[in-house]
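Observations on the model geometry
Residues per chain are reported as follows:
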Amino acid sequence: MHYKDFQGKQFSFLGMGNMRLPRSAGSGEDFRNAVIDYEKAAEIIDYGMANGVNYYDTSHIYGGSEEFLGKALSKYPRDSYYLCTKYNTMGGPDFEGNFQGQLERLNTDYIDIYMIQAVLNDQSAENYLKSGCMEFIEKQKEAGRIRHVGFSAHAPASTLEWFVKAYPWEIAMIQLNYFDWAFAGADEQYKVLTDNGIPVVAMEPARGGRLANLSDEATSMLKALRPDWSPASWAYRWHMGLSNMLVVLSGMSALEQIVDNVNTFETLSPLTDEENTLLDQVREQLKSEIVVPCTECGYCLEDCPAQIDIPEVMKVYNDLRILSWAMSGQAIAKLRDAEKTPADCTACKTCIERCTQAINIPEIMEELTGRLSSGGRR
């Protein structure tokens, strides 16, 4: 296992995320509420500990994750691993009660890394700073119950630029992978943190599994050059080329995943120029598979009974597919503030007949209507 130095501590470059632990039931948006399969999940932790993984990330909103880690890690000396958990505004103003509950669930008397969770934009950042939680966290750090303070963010670089100066943050976690680097502003977020001397933990390094489960065409492109590498290992090796990368946090939900990841992180082996060039091609292929191929020709606008600005809606839809919902505030506002919204679509299918790319526009309008009405939950 390769390790990175953090203030004299040696963090495993591969970190274990505990949001996607194997669970006995539930999937999709309800997976966090399903019961953790303790036996299978503990097997993953045990393999990680036996093979040098010492950084474990969790949160009280990851359905039972803190309790699980408190039990699964109890057999190991406390100084053999590092715990990262988080404070979320959903926890309310009872800072002491929330924090004490986390210590009890994690079966520990201190947290190595304590982060405020999910900074989304200027407003959520300001809410954290004004809530009083930072003052509480500072007192816990002085008392030794918190060792290091950081934050996790899905915020644009413009928010990070001022937020990193609002407190002496020691570490930060952002959504970072080779796709978001090119198409979702992750490169700008990483630069802000790096320029301000804040080490980076990467969450979603395989984009929620999307970069580990590529199309047959994209997978074949990678296998042609490195037949023994999994698509996931390509995604993780890409991070090795970033000098300010401290931990790559993988949400492993099966034993075979951590076995493959441990093999990948056995040594520091950044991608070569040839490998990076190929990954650029795969990234473009992936983009073509993710986004709707709208050329904004405008033919679909003719005879639309609802008079929806369809090309603009397609542009927003692509933004939502590339970015996380949380980072797509401007795109969402465009949909909600438009004179005619996706909900006005009559599903007459005239647009399909006129579309030069044969896009099923009514289907997309229905999907957007549902996502907007549910507040973006997927």
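**Concerning the side chain of Thr108**
- With respect to the secondary-structure elements, Thr108 resides in the loop between helix H3 (95–105) and strand S6 (111–119).
- Within polar-contact distance, the side chain of Thr108 engages the backbone oxygen of Tyr110 at 3.0 Å.
- If we ignore the near neighbours within four places in the chain, the residues touching Thr108 are Arg78, Leu83 and Leu103.

**With respect to the pattern of salt bridges**
- Summed over all chains, the structure comprises 15 salt bridges.
- A salt bridge links Glu96 to Arg145; its shortest N-O distance comes to 3.2 Å. Residue Glu96 is located in helix H3, and its partner Arg145 is located in the loop between helix H5 (133–142) and strand S7 (146–153); the two are separated by 49 residues in the primary sequence.
- Glu96 sits in the partly exposed class, given a relative accessible area of 36%.
- Glu312 is paired through a salt bridge with Lys315; the nearest N and O atoms lie 3.8 Å apart. Here Glu312 and its partner Lys315 are both found in helix H13 (residues 310–322), three residues apart, which amounts to about one turn of the helix.
- One salt-bridge network, in which partners are shared between bridges, spans Glu302, Asp303 and Arg354.

**Things to note about the packing of aromatic side chains**
- Summed over all chains, the structure comprises 20 aromatic pairs.
- Ring centres 4.8 Å apart and planes at 55° place the aromatic pair Phe11 and Tyr82 in the tilted group. Here Tyr82 lies in strand S5 (residues 82–87) and Phe11 lies in strand S2 (residues 9–12), a separation of 71 residues in the sequence. The burial state of Phe11 is the same as that of Tyr82; both residues are buried.
- Each ring, one from Tyr87 and one from Tyr128, has its centre 6.3 Å from the other, and the planes form 75°; the classification is edge-to-face. Of the two residues, Tyr87 is situated in strand S5 and Tyr128 in helix H4 (residues 122–131); the sequence distance between them amounts to 41 residues.
- Residue Tyr87 is classed as buried on the basis of its relative accessible area, which comes to 6%.
- Chaining the aromatic ring pairs together yields one cluster made of Tyr87, Phe95, Phe99, Tyr114, Tyr128 and Phe136.
- Between the NZ or CZ atom of Arg226 and the centre of the ring of Trp229, over which it lies, the distance is 5.6 Å.
- Its end group placed over the ring of Trp229, Arg237 keeps NZ or CZ at 4.0 Å from the ring centre.

**Re unusual backbone geometry**
- At Ala118, a residue that is not glycine, the phi angle is positive and equals roughly 60°.
- Note on placement: Ala118 falls in strand S6.
- The partly exposed category is assigned to Ala118, whose relative accessible area is 24%.
- Even without being a glycine, Lys349 presents a positive backbone phi close to 70°.
- Considering the arrangement of structural elements, one finds Lys349 in the loop between helix H14 (329–337) and helix H15 (350–354).

Quick notes on the rules
Residues numbered from 1 in each chain as written. Predicted model: local features only at pLDDT ≥ 70, side-chain atom pairs only at ≥ 80, totals over all residues. Heavy atoms only, no water. Helix = DSSP H or I, 4+ residues; strand = E, 2+ residues; numbered from the N terminus. Polar contact = N/O pair within 3.5 Å; in protein donor to acceptor, adjacent residues only side chain to side chain. Contact = heavy atoms within 4.5 Å. Salt bridge = Lys/Arg side-chain N within 4 Å of Asp/Glu carboxyl O. Buried < 20%, exposed > 50% of the residue type's maximum accessible area, 1.4 Å probe, protein only. Phe/Tyr/Trp six-rings, centres within 6.5 Å; stacked < 30°, edge-to-face > 60°. Lys NZ or Arg CZ within 6 Å of the ring centre and 35° of its normal.

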